[in-house]
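This is what each chain is made of:
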Amino acid sequence: MDILVVGSGGREHAIVRKLKESPKVGKIYCAPGNGGISRDAECIPVAAMDVPGMVALAKEKKVGLVFVAPDDPLAAGMVDALEQEGIPAFGPRANAAVIEASKVFSKNLMKKYGIPTAGYEVFENPQEAADYIEKNDTYPVVIKADGLALGKGVLICGDLQEAKDALKEIMEDKVFGASGNRVVVEEFLTGPEVSVLAFTDGKCVKPMVSSKDHKRALDGDQGLNTGGMGTISPNPYYTKEMADLCMETIFLPTIQAMQQEGRPFKGCLYFGLMLTPNGPKVIEYNSRFGDPETQVVLPRLKTDFVDVLMAVVEERLEEQPVEWSDEACACVVMASGGYPGKYEKHIPIEGLDENGQVPGATVYHAGTVLENGTFFTNGGRVLGVTALGESVSRALEAAYCAVNKIHWKDVHYRKDIGR
Ligand code: AMP
Ligand code: GLY
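Residues numbered from 1 in each chain as written. Chains lettered and ligands numbered in written order. Predicted model: local features only at pLDDT ≥ 70, side-chain atom pairs only at ≥ 80, totals over all residues. Heavy atoms only, no water.

Remarks on the nonpolar core
Here is step 1: One finds Val5, Leu19, Phe67, Phe90, Phe199, Phe289 and Phe305 to be the most contacted residues of the largest nonpolar core, which totals 39 residues.
Here is step 2: Here this core takes 7 residues from helix α11 (residues 305–313), the largest share from any one element.
Here is step 3: Phe105, Cys246, Ala257 and Leu269 belong to the second-largest nonpolar core, a separate cluster that totals 26 residues. (Core = buried A, V, L, I, M, F, W, Y, C linked by side-chain atoms within 4.5 Å. Buried < 20%, exposed > 50% of the residue type's maximum accessible area, 1.4 Å probe, protein only. Helix = DSSP H or I, 4+ residues; strand = E, 2+ residues; numbered from the N terminus.)

The following block contains the structure:
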């Protein structure tokens, strides 16, 4: 079967690499892809948000499956459009992708079905939000833009002035555009964070192995929030007992809730959890594989990836085994100096071989271009250097050993992933 992967980051590179392991896969296309992905798949310059363009490409190449990886084409209905043309697609339809695309939707869903999450109120008017926060007088307080905001729409405010500034930024200055028409004002929770991705066909849910992201830019969890600076799997805080509790109180209730709402969720549902002193609670849902969670989860999948994907698409996940390796995995993101703020592009990367790899690790490319045999930086997050090992510390050792072989001007990475 030939397969088309939609997207262009490290997550998509990890997906392409995993597909390549399957004896059932013929040709792999990636649109638009990037320099590193072009060593593993045929990259085609169709933008990830170009729904008609992607449908036309899938038809032209006669692929047996389209894997829609990023959140925005899912929210824009790319899976619906593909299905209308009879093309099998992995990912939720737009009416289910809303679980990530609208925080107001997901919070109301959790309230209605008793799924544990932070207490909250929704506001359409910045003055009413500010009055509520002043009256409540509990800090820090969390303010979230309703819609998609590249992972930057969450502001944690230490006092009333910070909260007023955040409301102005989101609701009046509209720094996230229409995503800021409404906000969720939420209770601040504490505890370790866990990412759990789960395969689901709308009825059955099979969680993958757990992982831990490191969202802040600098060591010691300092600096700005980013898309993710590194991950480990498994997450040491996520015990078997915790997994059972999450299945009972969060995973199954969420899948059933979406079904009852007439929005069955098919694809990968990402549970962003916080293990609070009062039990596990949902911080956020994502309608897709995480980045860079995918980079440490998929290498541990032992079952043929295509078998699992097709079982989800054809709604027979219940009978499909999904097996995982006991090995641990670690990913260190190498980023452009300045990320997540302003950064320079098109800097040559030293230390990679002709396939964009180094010995002892797998290098997933997030933002590179390949020109005349040289890889150049082409984004904020550039590489995800990933290694397996018998323990998390061994995997980290191998990943950092590989990181030390790679260099470019102003490269930045965290030295404390997994620590
Ligand atoms: P999100 O984009 O929803 O994943 O939020 C980004 C980050 O903000 C999360 O990974 C958490 O670290 C933090 N966060 C979000 N909501 C809360 C909350 N209610 N309490 C404490 N931290 C939060
Ligand atoms: N790494 C967090 C995310 O993919 O949303």
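Digging into the side chain of Asn34
Here is step 1: Here Asn34 is to be found in the loop between β2 (28–32) and β3 (42–43).
Here is step 2: Exposure remark for Asn34: the relative accessible area of 10% places this residue in the buried category.
Here is step 3: A polar contact of 3.0 Å, which involves the side chain of Asn34, links it to the backbone oxygen of Ser8.
Here is step 4: A polar contact of 2.9 Å, which involves the side chain of Asn34, links it to the backbone nitrogen of Ile37. (Polar contact = N/O pair within 3.5 Å; in protein donor to acceptor, adjacent residues only side chain to side chain.)

A look at the sheet that holds strand β9 (residues 183–187)
Strands belonging to one sheet form pairs held by backbone hydrogen bonds; the direction of such a pair is parallel or antiparallel.
Here is step 1: In space, the 4 strands of this open sheet follow the order β6-β9-β7-β8, with antiparallel pairing throughout. Among the strands making up the open sheet, the edge pair consists of β6 (120–123) and β8 (154–157). The average undirected angle you get between the axes of adjacent strands in this sheet is 20°.
Here is step 2: Bridge analysis of strand β7 (residues 141–145) against β8 gives 4 bridges, and the strand direction is antiparallel. Residue pairing across strands places Lys144 opposite Val154, the latter belonging to β8. (Pairing = 2+ DSSP bridges. Axes fitted to C-alpha atoms, helices over the stretch in contact; angles between N-to-C directions.)

Here's the deal with the site of ligand 2
Here is step 1: In the vicinity of ligand 2, the contacting residues are Asp213, Gly227, Tyr270, Asn286, Arg288, Gly290, Asp291, Pro292 and Glu293.
Here is step 2: The separation between a nitrogen atom of ligand 2 and a polar side-chain atom of Asp213 is 2.9 Å.
Here is step 3: The protein chains hide 91% of the 190 Å² of surface that ligand 2 would expose on its own.
Here is step 4: Across the shell around ligand 2, the residue classes break down as 2 nonpolar, 3 polar and 4 charged. (Near = heavy atom within 4 Å. Areas by Shrake-Rupley, 256 points an atom, 1.4 Å probe, with all protein chains shown as cover. Nonpolar A, V, L, I, M, F, W, Y, C, P; charged D, E, K, R; others polar.)

Points about the packing of helix α7 (residues 126–136) against helix α8 (residues 160–172)
Here is step 1: The geometry of α7 relative to α8 is characterised by a closest axis approach of 10 Å and an angle of 160° between their N-to-C directions. In this view, α7 runs roughly antiparallel relative to α8, as classed from their interaxial angle. Judged by the sense of rotation from one axis to the other, the crossing of α7 with α8 is right-handed. For the pair α7 and α8, the contacting residues are Pro126, Ala129, Ala130, Ile133 and Glu134 in the first and Leu160, Ala163, Lys164, Leu167, Met171 and Glu172 in the second.
Here is step 2: Of the residues that constitute the contact of α7 with α8, the class distribution is 8 nonpolar, no polar and 3 charged. (Parallel < 35°, antiparallel > 145°, perpendicular 65-115°, else oblique. Left-handed = near helix turned anticlockwise from the far one by under 90°. Contact = heavy atoms within 4.5 Å.)

A short note on the site of ligand 1
Here is step 1: Close to ligand 1 lie 15 residues; Glu186, Glu187, Leu189, Glu193 and Glu284 are nearest.
Here is step 2: Within the contact set of ligand 1, a nitrogen atom lies 3.0 Å away from a side-chain nitrogen or oxygen of Lys144.
Here is step 3: Notes on ligand 1: free accessible area 480 Å², of which the protein chains cover 92%.
Here is step 4: Contributing elements (two or more residues each) for the shell around ligand 1: β7, β8, β9 and β17 (279–286).

Details of the side chain of Arg300
Here is step 1: Position of Arg300 relative to the elements: it lies in the loop between α10 (294–297) and α11.
Here is step 2: Notably, Arg300 is buried but unbridged: the nearest opposite-charge side chain belongs to Asp326, and the N-O separation is 5.4 Å.
Here is step 3: The residues touching Arg300, leaving out its near neighbours within four places in the chain, are Val209, Ser233, Pro234, Glu323, Trp324, Ser325, Asp326, Glu327, Cys329 and Leu388. (Lys, Arg positive; Asp, Glu negative; His and termini not counted. Salt bridge = Lys/Arg side-chain N within 4 Å of Asp/Glu carboxyl O.)

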